[in-house]
Amino acid sequence: QARMLGWSLINDTSLGVVCLTPPAGSPPVRDIVNGVLRDGTAWLSAAKFAGREVVRVCVTHGETTSTDISIAIDALEDARLALIEQAAKREPAFV
């Protein structure tokens, strides 16, 4: 689901830690993560992986479902799009 929205998975692990980067041209990762944290939908963090800012998602609870993962991905995308919308409103319109 994240890949279909343009997000990239940048680590290959069998552990429950996933590192994602948003699509090119997105707001800073930390701003996206802060938007999700403010919303309270999911807990995730911003981190550095291989020299890149990433969203770090750690899924270790045994009762986590694919629906829970989808909710977290939707929250990331909603926060990213909200930031893009806010930035567009701040930019002056030239005609």
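Here's a quick rundown of the structure. Everything quoted here is computed from the prediction, not taken from an experiment.

## Section: the layout of surface pockets
To find leftover empty space, a probe the size of one water molecule is rolled over the atoms. Considering only enclosed or pocket space, the largest pocket measures out at about 270 Å³ in volume. Looking at the lining of the largest pocket, the elements with two or more residues in it are β1 (8-9), β2 (17-21) and α2 (66-90). Looking at the lining of the largest pocket, the element that brings in the most residues is α2, giving 4 residues. The residue inventory of the lining of the largest pocket, partitioned by class, reads 12 nonpolar, 3 polar and 1 charged.

## Topic: the environment of Thr-41
By secondary structure assignment, the location of Thr-41 is in the loop between α1 (29-39) and β3 (45-49). Considered as a pair, Thr-41 and Ile-71 are 30 residues apart in the sequence and their alpha carbons are 7.6 Å apart. Leaving out residues up to four positions away in the same chain, Thr-41 has contacts with Val-36, Ile-71 and Ala-75.

## Concerning the nonpolar core
Formed by 18 residues in total, the largest nonpolar core has its most connected members in Trp-7, Val-36, Leu-44, Val-55 and Leu-76. Of all the secondary-structure elements, those providing two or more residues to this core are α1, β4 (52-58) and α2. In terms of residues, this core owes the most to one element, α2, which gives 6 residues. Not counting the four nearest positions on each side in its chain, Val-36 is found in contact with Thr-41, Ala-42, Leu-44, Ala-75, Leu-76 and Ala-79.

## Quick look at the pattern of salt bridges
It is possible for side chains bearing opposite charge to pair when their charged atoms get close. Under the criterion given, the structure shown has 4 salt bridges. Salt-bridge contacts for Glu-53 lead to Lys-48; the nearest nitrogen and oxygen are separated by 3.8 Å. On the basis of relative accessibility, which here comes to 29%, the residue Glu-53 falls in the partly exposed class. Overall, the relative accessible area of 59% leaves Lys-48 in the exposed class. A single salt-bridge network, built from bridges that share partners, covers Arg-30, Lys-48 and Glu-53.

Reading the values: rules and limits
- Residues numbered from 1 in each chain as written.
- Predicted model: local features only at pLDDT ≥ 70, side-chain atom pairs only at ≥ 80, totals over all residues.
- Heavy atoms only, no water.
- 1 Å grid on protein atoms, 1.4 Å probe; cavity = no way out; pocket = protein on both sides within 12 Å on 5 of 7 lines; lining within 4 Å.
- Points joined across faces, edges and corners; volume = space filled by probe spheres on them.
- Helix = DSSP H or I, 4+ residues; strand = E, 2+ residues; numbered from the N terminus.
- Nonpolar A, V, L, I, M, F, W, Y, C, P; charged D, E, K, R; others polar.
- Contact = heavy atoms within 4.5 Å.
- Core = buried A, V, L, I, M, F, W, Y, C linked by side-chain atoms within 4.5 Å.
- Buried < 20%, exposed > 50% of the residue type's maximum accessible area, 1.4 Å probe, protein only.
- Salt bridge = Lys/Arg side-chain N within 4 Å of Asp/Glu carboxyl O.

Worth remembering: the numbers are spatial, not functional.
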